[in-house]
Amino acid sequence: MDTQVVIIGGGPSGLLLSQLLNRAGIATVILERASREHVLSRIRAGILEWGSVELLREAGVGARMDAEGIAHDGAWLTDADLMVHVDFKALTGRQVMVYGQTEVTHDLYDAQDAMGTTILHGVEDVRILDLDGPQAAVEYTQGGRRHRLSCAYVAGCDGFHGVSRRTIPEDRRREFERVYPFGWLGILSRTPPVADELIYANSPHGFALASMRNHNLVRYYVQVPLSDRVEDWPDDRFWAEFRRRIPAQAAARLVTGPSIEKSVAPLRSFVSEPLRWGRLFLVGDAAHIVPPTGAKGLNLAVSDVFYLHQALIAALKQGDQAGLDTYSDRALARIWKAMRFSWQMTMMLHRFDGEDGFAAQMRRATLAHLAESETARRELAENYVGLPY
Ligand code: FAD
Ligand code: DHB
């Protein structure tokens, strides 16, 4: 056997799984289609649940996160000038950590380099074979040559557009999907955050989110029609739109500046079941996508890795297959709850084209109830900080 586990995809889930397996003495090879520079240039998630923080520490990649990340006790949900503070720490005893996915990925690459793990970039035309035999194989092309690796297990960590999910025969997969009729335009700017904590802002003009990466780097988003492109949104237009969607109190403190990154992401809910096909296991975005409103995408990838690394270690070290047999069901139970929360947050905070006045009243009433009910705030906080593994 060439290696014990072949991991397809060198994003956060593939790298974290590899790091945890390597630390347990299990050999891995990572196959990544893009260059390392490309993977590290993607600006994506910004909020870590505490369970994610703890697993990153356990993987030996917590030092820079603990030094540079910012723990947040709560967040704001607003509708025009109605501002509701949800105090996660007081309601659940837990915080979340502001630390970007780009930094997590960076730390994982550094740690994997220090371990000497083989990470192959520029890998094309991956095929996953022999999944019901005594050992699996993965074929790929690199530098114009075809290669083949044999292994005990394959981890499909190759995101929504990857090859792993499609390796499961279509008639043996069940897919669930909601596509939302809008996207998020996000910018990064070297300016101080408009508030100490995140603001999820509903408004008559649509949703806006004020997030951050550090004390002089903000990540701000506005809801846009799906047809909009980055070129439609010069900086001045972005700032004017963002300003009118956040509460006046926050807008008064807004500092603007040039954007250093700008991108549009569509919003989607998606789950493909099951997560196991013979010797193949799906992890993270390869199996599921959430709209970003609940800050769950990266955190769900981490919880999948939590279940799968334990199961693979038990199988490869003790010959105990029980964890592998239950991986799909265990991971899906948590995935569906995060799907529900992300969907509910999305419905609570976005304006839908063509909606009637009733829909806006429902959103406003949901927020008014949150303002008055500690029970409602606790329910939101419990989901936002992350349900137990
Ligand atoms: P990915 O990060 O997608 O990594 C998969 C890797 O596999 C990639 O590096 C890819 O190049 C590689 N790959 C793909 N196909 C192949 C192949 N055939 N062979 C080899 N390698 C392959 N979540 C939030 O919580 N908040 C956000 O604000 C947020 N914003 C997002 C914005 C965008 C544009 C996107 C796409 C996602 C966003 N997410 C966000 C979701 C979050 O980033 C993902 O949940 C997270 O990246 C999942 O990690 P992953 O490792 O499973 O997948
Ligand atoms: C960020 C993105 C999210 O989707 C979210 O819910 C919170 C923060 C961010 O990029 O910082």
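These numbers were taken from a predicted model, which means no experiment stands behind them. (Residues numbered from 1 in each chain as written. Chains lettered and ligands numbered in written order. Predicted model: local features only at pLDDT ≥ 70, side-chain atom pairs only at ≥ 80, totals over all residues.)

**Concerning the overall build of the protein chain**
Counting its regular elements, the protein chain contains 13 helices and 20 strands. Relative to the compact-globule value of 21 Å for 389 residues, the protein chain shows a C-alpha radius of gyration of 21 Å, a close match. Considering only C-alpha atoms, the protein chain reaches an extent of 65 × 40 × 40 Å along its principal axes. Counting only residues that meet the buried cut, the protein chain has 44% of its 389 residues in that class. (Helix = DSSP H or I, 4+ residues; strand = E, 2+ residues; numbered from the N terminus. Rg over C-alpha atoms; globule rule 2.2 N^0.38 Å. Buried ≥ 20, exposed ≤ 12 C-beta atoms within 10 Å, placed from the backbone.)

**Observations concerning the site of ligand 2**
Ala-45, Gly-46, Ile-47, Leu-198, Ser-211, Arg-219, Pro-292, Thr-293 and Ala-295 make up every residue found near ligand 2. Here the residues of the shell around ligand 2 are counted per class, giving 5 nonpolar, 3 polar and 1 charged. (Near = placed C-beta within 6 Å. Nonpolar A, V, L, I, M, F, W, Y, C, P; charged D, E, K, R; others polar.)

**Brief notes about the sheet that holds strand 17 (residues 259-273)**
Spatially, 8 strands are ordered 6-5-14-15-16-13-17-20 in an open sheet, and the strand pairing comes out mixed. Either end of the sheet is taken by a strand with one partner, and the two such strands are strand 6 (82-87) and strand 20 (288-289). Of the pairings in the sheet, the one linking strand 17 to strand 20 comprises 2 bridges and is antiparallel in character. Each bridged residue has a counterpart across the sheet, and for Phe-270 the counterpart in strand 20 is Ile-289. (Pairing = 2+ DSSP bridges.)

**Some remarks on the site of ligand 1**
Taken together, 32 residues form the shell around ligand 1, and within it Gly-9, Gly-11, Gly-159, Gly-284 and Gly-297 come nearest. Breaking the shell around ligand 1 down by element, the ones donating at least two residues are helix 1 (12-23) and helix 10 (297-318). When grouped by side-chain class, the residues that make up the shell around ligand 1 number 15 nonpolar, 11 polar and 6 charged.

**Thoughts on the sheet that holds strand 2 (residues 28-31)**
Pairing is mixed in the open sheet, where 6 strands are placed in the order 8-2-1-12-19-18. The sheet terminates laterally at strand 8 (118-120) and strand 18 (276-277), the two strands that pair on one side only. In this structure, strand 2 lies alongside strand 8, joined through 3 bridges in parallel fashion. Paired with Ile-30 across the bridge in strand 8 is Ile-119.

**Re helix 8 (residues 235-245)**
Residues of helix 8 that are buried include every one of Phe-238, Phe-242 and Arg-245, and no others. Seen from one end, helix 8 has its buried residues packed into an arc of 65°, which puts them on one side. Among the exposed residues of helix 8, those pointing more than 90 degrees away from its buried face are Asp-236, Arg-237 and Ala-240. (Arc of directions from axis to C-beta.)

**As for the environment of Val-271**
By secondary structure assignment, the location of Val-271 is in strand 17. Along the sequence, Val-271 and Gly-323 sit 52 residues apart, while their C-alpha atoms lie 21 Å from each other. Apart from the residues lying within four places of it in its own chain, the contact partners of Val-271 are Phe-176, His-288, Ile-335 and Met-339. (Contact = placed C-beta atoms within 7 Å.)

**Re the environment of Trp-50**
Tracing the sequence through the fold places Trp-50 in helix 3 (residues 50-58). Dropping the residues within four chain positions of it, Trp-50 is found in contact with Arg-94, Gln-95, Val-96, Val-385 and Gly-386.

**Examining the confidence of the model for the protein chain**
Put simply, the protein chain has an average pLDDT of 97, and 100% of its residues get 70 or more. Complex prediction metrics read pTM 0.98 and ipTM 0.97. (pLDDT = per-residue confidence, 0-100.)

**A word on unusual backbone geometry**
What you tend to see is this: most non-glycine residues have negative phi, and most peptide bonds are trans. Note that the residue after Glu-273, namely Pro-274, is joined by a cis bond; omega there is -5°. Relative to the helices and strands, Pro-274 resides in the loop between strand 17 and strand 18. Here Ala-80, not a glycine, exhibits a phi torsion of approximately 50°, which is positive. With respect to the element layout, Ala-80 can be found in the loop between strand 5 (74-79) and strand 6. Here the phi dihedral of Asp-125 falls at roughly 50°; this positive angle occurs in a residue that is not glycine. A count of 11 C-beta atoms within 10 Å places Asp-125 in the exposed class.

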